[in-house]
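# Structural overview
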Amino acid sequence: MMGRLAAGQNQLFYDFCLEKFVPEKHVLRALDQFLDFTEIRKHLAPYYSAIGRPSIDPKLSIRMLLIGYCYGIRSQRRVCEEVHLNLAYRWFCRLGLEDQVPEHSTFSKNRHGRFRDCELLRFVFETVVERCMDEGLVGGEGFAVDASLIKADANRKRGFAGTEGIDWQRPGRKTRAVREYLDALDNDEQTVRAHEATRKAISLTDPASCWTSAPGGPANYSYSTNYLIDIDSAIILGVEATPSTLSEEARAARTMIDHTEKRFGVKPKHLAGDTAYGNAQMLGWLVEDRQITPHVPVMDKSEGKDGQFGLSDFSWESEADRYVCPGGKSLERNRRQFKNKRTGVTKANTIIYRASQSDCGHCSLKDKCTPKEPARKIHRSIHEDARDLARALACTEAYAQSRNDRKKVEILFAHLKRILRFDRLRLRGPIGAQDEFLLAATAQNLRKLAKLVIPPAPREPLVT
Ligand code: SF4
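First, a word on scope: everything that follows refers to the structure included in this document. (Residues numbered from 1 in each chain as written. Predicted model: local features only at pLDDT ≥ 70, side-chain atom pairs only at ≥ 80, totals over all residues.)

## Describing the overall build of the chain
Convention followed: Here a strand is any run of E in DSSP of at least two residues, a helix any run of H or I of at least four, and the numbering for each starts at the N terminus. For the radius of gyration, the atoms used are the C-alpha atoms, and the globule rule reads 2.2 Å times the number of residues raised to 0.38. With C-beta atoms placed from the backbone, a residue counts as buried when 20 or more other C-beta atoms lie within 10 Å of its own, as exposed when 12 or fewer do, and as partly exposed for counts between those limits. By the criterion used throughout, residues are in contact when their C-beta atoms, derived from the backbone, lie within 7 Å.
Within the chain one finds 19 helices and 13 strands. Whereas a compact globule of 464 residues would reach a radius of gyration of roughly 23 Å, the chain reaches 28 Å, over 25% beyond that. Taken along the three principal axes of its C-alpha coordinates, the chain extends 105 × 70 × 60 Å. Within the span of the chain, comprising 464 residues, buried residues form 33% of the whole. Taking the intrachain contacts of the chain between residues at least 6 apart in sequence as the baseline, contacts between residues at least 24 apart amount to 68%.

## Details of the pairing of strand β6 (residues 235-243)
Regular strands place side chains that alternate from one sheet face to the opposite one. Operational definition: Strand pairing is assigned whenever DSSP detects at least two bridges linking the two strands.
With nine of its nine residues buried, β6 lies for the most part within the structure. By the bridge criterion, eight bridges tie strand β5 (residues 220-230) to β6 in an arrangement that is antiparallel. Note on β6: the bridge partner recorded for Thr225 is Ala241. In sequence, β5 turns back onto β6 through a hairpin of four residues, with Ala234 there showing a positive phi of about 55 degrees.

## Here we look at the nonpolar core
A general feature of soluble globular proteins is that nonpolar side chains tend to end up buried together. Operational definition: For this analysis, nonpolar core means a set of buried Ala, Val, Leu, Ile, Met, Phe, Trp, Tyr and Cys residues linked through C-beta atoms within 7 Å. Residue ranges for the domains originate in an automatic or database domain assignment.
Ranked by internal contacts, the top residues of the largest apolar core, which has 79 residues, are Ile67, Leu228 and Ile229. Ranked by the residues each element gives to this core, the list is headed by helix α19 (residues 429-452), at nine residues. Formed jointly, this core draws a minimum of three residues from each of two domains, domain 1 (18-118) and domain 2 (139-297 + 394-452). Not counting residues within four places of it along the chain, the set of residues in contact with Ile67 comprises Ile73, Val79, Val83, Tyr89 and Phe92. Ranked by size, the runner-up nonpolar core spans ten residues in total, among them Phe314, Tyr323, Cys360 and Cys363.

## Digging into the environment of His43
Relative to the helices and strands, His43 resides in helix α3 (residues 38-44). By C-beta crowding, His43 is classed as partly exposed, having 17 other C-beta atoms within 10 Å. With 254 residues separating them in the primary sequence, His43 and Pro297 have C-alpha atoms 41 Å apart. Not counting residues within four places of it along the chain, the set of residues in contact with His43 comprises Cys118 and Phe123.

## Digging into the site of the ligand
Just so we agree on the cut-off: Near, as applied to residues and a molecule or strand, means the residue's backbone-placed C-beta atom lies within 6 Å of it. Note on residue categories: nonpolar means Ala, Val, Leu, Ile, Met, Phe, Trp, Tyr, Cys or Pro, charged means Asp, Glu, Lys or Arg, and polar means any other residue, Gly included.
Taken together, 13 residues lie near the ligand, and Cys325, Gly327, Cys360, Cys363 and Cys369 sit nearest. If you list the elements that add at least two residues to the shell around the ligand, you get α14 (357-361) and α15 (366-369). Of the residues contributing to the shell around the ligand, the split by class is seven nonpolar, two polar and four charged.

## A few points about unusual backbone geometry
Its identity is not glycine, yet Ala234 carries a phi of approximately 55 degrees, on the positive side. Tracing the backbone shows Ala234 in the loop between β5 and β6.

## Regarding the packing of helix α4 (residues 58-70) against α19
The relative placement of two packed helices comes down to the angle between their axes together with the axis-to-axis distance. Stated formally: Lines fitted to C-alpha atoms define the axes here, with helix axes fitted over just the stretch in contact, and angles between the N-to-C directions of these axes take values from 0 to 180 degrees. Roughly parallel refers to an angle under 35 degrees, roughly antiparallel to one over 145, roughly perpendicular to one between 65 and 115, and oblique to any angle outside these ranges.
Contact geometry for α4 and α19: axes closest at 9 Å, N-to-C directions at 80 degrees. Put simply, α4 runs roughly perpendicular to α19. Here Leu65, Leu66, Tyr69 and Cys70 of α4 lie close against α19, whose contacting residues are Leu439, Ala440, Thr442, Ala443 and Arg447. Grouping the constituent residues of the contact of α4 with α19 by class yields seven nonpolar, one polar and one charged.

## Digging into the sheet that holds strand β11 (residues 330-331)
Strand-to-strand pairing in sheets goes through backbone hydrogen bonds, with the strands running parallel or antiparallel. Strand order in the open sheet formed by three strands is β9-β10-β11, and the pairing between neighbours is antiparallel. Of all strands in the sheet, those bounded by a partner on one side alone are β9 (315-317) and β11. Bridge count between β9 and strand β10 (residues 322-324): three bridges; the pairing is antiparallel. Bridge pairing links Glu317 to Arg322 in β10.

## Some thoughts on the packing of helix α13 (residues 280-289) against helix α16 (residues 384-393)
Orientation of α13 relative to α16, taken along the N-to-C sense of each, is 85 degrees, at an axis distance of 8 Å. Compared by their axis directions, α13 and α16 come out roughly perpendicular. Two secondary-structure elements touch here, α13 through Ala280, Leu283, Gly284, Leu286, Val287 and Glu288 and α16 through Ala386, Arg387, Leu389 and Ala390.

Structure representation (structure tokens):
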């Protein structure tokens, strides 16, 4: 017999408990046990007035933001709707069945105001990292670093080639993102200035974003999210938003390593990264300043092309401070005597070693060595010892292991884009990008905690 749904939505009283309704194994329960807002309230307290109408509890705002980033709900308006309708979300936000869900505009006010003033989102991220450390998920031996492009919220057709001739004062053009960009230029911020020098196109919507493309893809305005992870459990220890250029990504890596040491007291013994982190300045900083072993491929332009001699064909004699060429002749740095003593270091932080014209002029190897110049010269980086160390390490087993470990960062980026559906920013400007990257990384660390840390089993009642 065909059944009929019993009509029954007009019951007056219900015996309903939200706590019992959310399944024991629901992922939000797992996340909830790792959230502690005690310190967060203390951190925020100075930014609230002691009198006046009570604000929305910041705990509620953060819980709602985390739901959005954990479940890939990127629109704040939709997060509010989902929290209103979904019982598990209500439970996670500590809202009762009849409690009002805050307006989405409230988030904007808090995010762009108080939360930014006190760097709340970074504080929340670091609180979760501390919890990961307490749970023993951070080994502190080896770190890995990488960056990934995330599209800015900017139409690729709404841009200018070059920065000349843009009237930023035109009505309707001076948005928050534009103000942030102009302020950074006024303050002569190094990152923005360096970016300006190499810029091909500028977005009128988000001028601080960078016109760039992933290999094989179309160009877009984008930012880079930079992750520094501990390779034991792939916990994210540092996050930075930067323009998508190699020099900025290397700078972000240095900032994150320094900040992690200062904030959490951990410094890696070795760092795994790709060629973007293999420039001379970065390797010098790692080896000479921080005593970190670089498991990083060297960015090398010193090898010869078309069968010509490259740097590796010349042997270095450190005590004599000279190179010896394949023809057995010497390349020296001080062939000319100057009245005023010079350091010999060029603007590119290299020292030039030159062979003598008389040696090269009669050399049978000249066509393979320096066919166009009268004498061979070699630019040696002031960080060449660090580069040599990185080259030597590239043949070790530890380096091969680090190459595998490096993939853990790429897996995190894939998870970010595919599972958390974070391939385009919703907020504009570098601060908006930083906020979003911090929240996404916090969500990823929380999910990792929920997956790896098994909560203590409930105790069996004592039988007497
Ligand atoms: S060309 Fe000059 S530097 Fe090159 S192998 Fe001959 S002597 Fe040496």
